[in-house]
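# Architecture at a glance
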Amino acid sequence: MNTSEPSGRDRGTEKLNWIDRRREKIRAEIERNRRGEYKVPTWVLGVVLALIVVGWLAFIFLAG
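Quick look at the structure, then. (Residues numbered from 1 in each chain as written. Predicted model: local features only at pLDDT ≥ 70, side-chain atom pairs only at ≥ 80, totals over all residues. Heavy atoms only, no water.)

A word on a nonpolar patch on the surface. On the surface, Val48, Leu49, Ile52, Val53, Trp56, Leu57, Phe59, Ile60 and Phe61 cluster together to form a nonpolar patch covering roughly 970 Å² of accessible area. With respect to the element layout, Ile52 can be found in helix H2 (residues 42-63). (Patch = residues over 30% accessible without salt bridge, like charges linked within 9 Å, V, L, I, M, F, W, Y side chains within 5 Å. Areas by Shrake-Rupley, 256 points an atom, 1.4 Å probe, with all protein chains shown as cover. Salt bridge = Lys/Arg side-chain N within 4 Å of Asp/Glu carboxyl O. Helix = DSSP H or I, 4+ residues; strand = E, 2+ residues; numbered from the N terminus.)

In this model H2 runs 31 Å from its N-terminal to its C-terminal C-alpha over 22 residues, within 8% of the 32 Å that 1.5 Å per residue would give. Taking burial as the measure, the 22 residues of H2 include zero buried ones, a minor fraction of the element. (Expected span 1.5 Å × (residues − 1). Buried < 20%, exposed > 50% of the residue type's maximum accessible area, 1.4 Å probe, protein only.)

With that out of the way, let us pick up the packing of aromatic side chains. Summed over the entire model, instances satisfying the criterion amount to one aromatic pair. Ring geometry for Trp56 against Phe59: centres 6.1 Å apart, planes inclined by 90 degrees, an arrangement best described as edge-to-face. Of the two residues, Trp56 and Phe59 both sit in helix H2, three residues apart, roughly one turn of that helix. Phe59 shares its class with Trp56; the two are exposed. (Phe/Tyr/Trp six-rings, centres within 6.5 Å; stacked < 30°, edge-to-face > 60°.)

Note that every value here comes from positions in space, so none of it alone points to a role or purpose.
This is the structure we're talking about:
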């Protein structure tokens, strides 16, 4: 029987490949960080920006 959906075995292989790619990406990032090539994560920059905006809004509303 020929269907358009992949079999369960193909999905398992695809998921395993995704896990392997993710692990390799993490290993590469750790190696870069050990060499001193690290960057600030995007979520940290987002939190800092949100704190600055909230601080300004608090200053404007509480000082006025």
